[in-house]
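Structural overview for review
The chain contents come next:
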Amino acid sequence: MTRGKFITLEGGEGVGKTTNLNFIKDYLQQHAISVVVTREPGGTVLAEKIRHLLLDKDSEAISEHAELLMIFAARAQHIKHVIEPALAKGVWVLCDRFTDATYAYQGGGRNMRVSTIEWLENLVQGNLRPDLTVLLDAPVEIGIARAKERGAFDRFESEKISFFEQVRRAYLLQAELHPERIKLIKANQSLADVQKALIDVIGTYLR
Ligand code: Z5A
C-alpha cells in the first residue's frame, strides 16, 4: 500500500485557509485521490477540547509554556488517531495549520525559543513532516479586515498588530528555510487568482 501524502495549509489571520481547504479537497478528489480534511489545533475529540481552551479569550491567562504544550498535546492526539492511520491506509491528509503555525505563532508571535519548538516537534512527530505546505501570505491589515467581518475575536485574534507582523515574518522565514516543501501564494489577490495559483502548485505536485 502506498502511503498517503500529507498537505498543510498555513498563513496568518483571515488569509483564506478555510475557504481554500475545500477547493483543494475537491481538486484532489477530481484526481481520484481520497482525502481527509482536518485542522489544528483539533481533529479529535480531545484535541478539539484543547482547541476550545486555547481560543477562549475569557479563560485565565495561559502561560506561554502551557500554550505550547497544549498545542503539542493536541497534535500528539491528532497524529496518533487521525493523521498516521489515514496516511498508512493510503489516504491523503489535508490539514488547516500544523507545526509551521507553531514556529509562526509561538516562535514568532510569542518569541519562544525555536530550539524548544524543534525539540517538541521531534518528540511528538518523530519523522512526520508535511510533504507539501501551501503558505497563503497577505499584509496583516488585509487578513484582519477579512477576519473582522466574521464577528467576535478569539484569544489569538485579540492580539496586537505587532504580534501578527511577527507571525507573518516567522512564516516567511519558514518558507525561506524550507523552499522545497513550502510554496508561497499571495493571498491579497482575488479568490479566483488565489485558486489559479493553488491549481498550479498542487498540479505540479501531482505530476
Ligand atoms: N495556533 C497557534 O498559535 N499555534 C499552532 O501551532 C496552531 C494554531 C496550529 C486557530 O487557528 C488559532 O490557533 C490561530 C493560531 C493558533 N489563531 N489565530 N489567529 P484557525 O486556523 O482556526 O484561525 P484563523 O487563522 O483565525 O483562521 P481564520 O480566521 O478562519 O482565517 P482563514 O481560514 O485563513 O480565512 P477564511 O475564513 O477562509 O477567510 C476569511 C474571510 O475572507 C472570509 O469571509 C472569506 O470569504 C474571505 N476571503 C478569503 N479569501 C479571499 C480573497 N482572496 N479575497 C477576498 N476575500 C477573501
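Worth saying up front: this structure is predicted, and the values here are computed from it rather than measured.

A few words now on the site of the ligand. Contacts to the ligand come from 28 residues, most closely from E13, T18, T19, R51 and R97. Measuring from an oxygen atom of the ligand, one finds a side-chain N or O atom of T19 at 2.4 Å. Within the side chain of R51, one N or O atom sits 2.5 Å away from an oxygen atom of the ligand. Examining the composition of the shell around the ligand, we find that four residues originate from one element, helix α4 (residues 99-109), more than from any other.

Pairing is parallel across the open sheet formed by five strands, whose spatial order is β2-β3-β1-β4-β5. Looking along the sheet, the strands with just one partner apiece sit at the ends: β2 (35-39) and β5 (182-186). Between one strand axis and the next, the sheet turns by 20 degrees as a mean value, whatever way the strands run. Summarising the sheet, strand β1 (residues 6-11) and strand β3 (residues 92-96) pair through four bridges and their orientation is parallel. Paired with T8 across the strands is C95, a residue of β3.

What counts as what
- Residues numbered from 1 in each chain as written.
- Predicted model: local features only at pLDDT ≥ 70, side-chain atom pairs only at ≥ 80, totals over all residues.
- Heavy atoms only, no water.
- Near = heavy atom within 4 Å.
- Polar contact = N/O pair within 3.5 Å; in protein donor to acceptor, adjacent residues only side chain to side chain.
- Helix = DSSP H or I, 4+ residues; strand = E, 2+ residues; numbered from the N terminus.
- Pairing = 2+ DSSP bridges.
- Axes fitted to C-alpha atoms, helices over the stretch in contact; angles between N-to-C directions.

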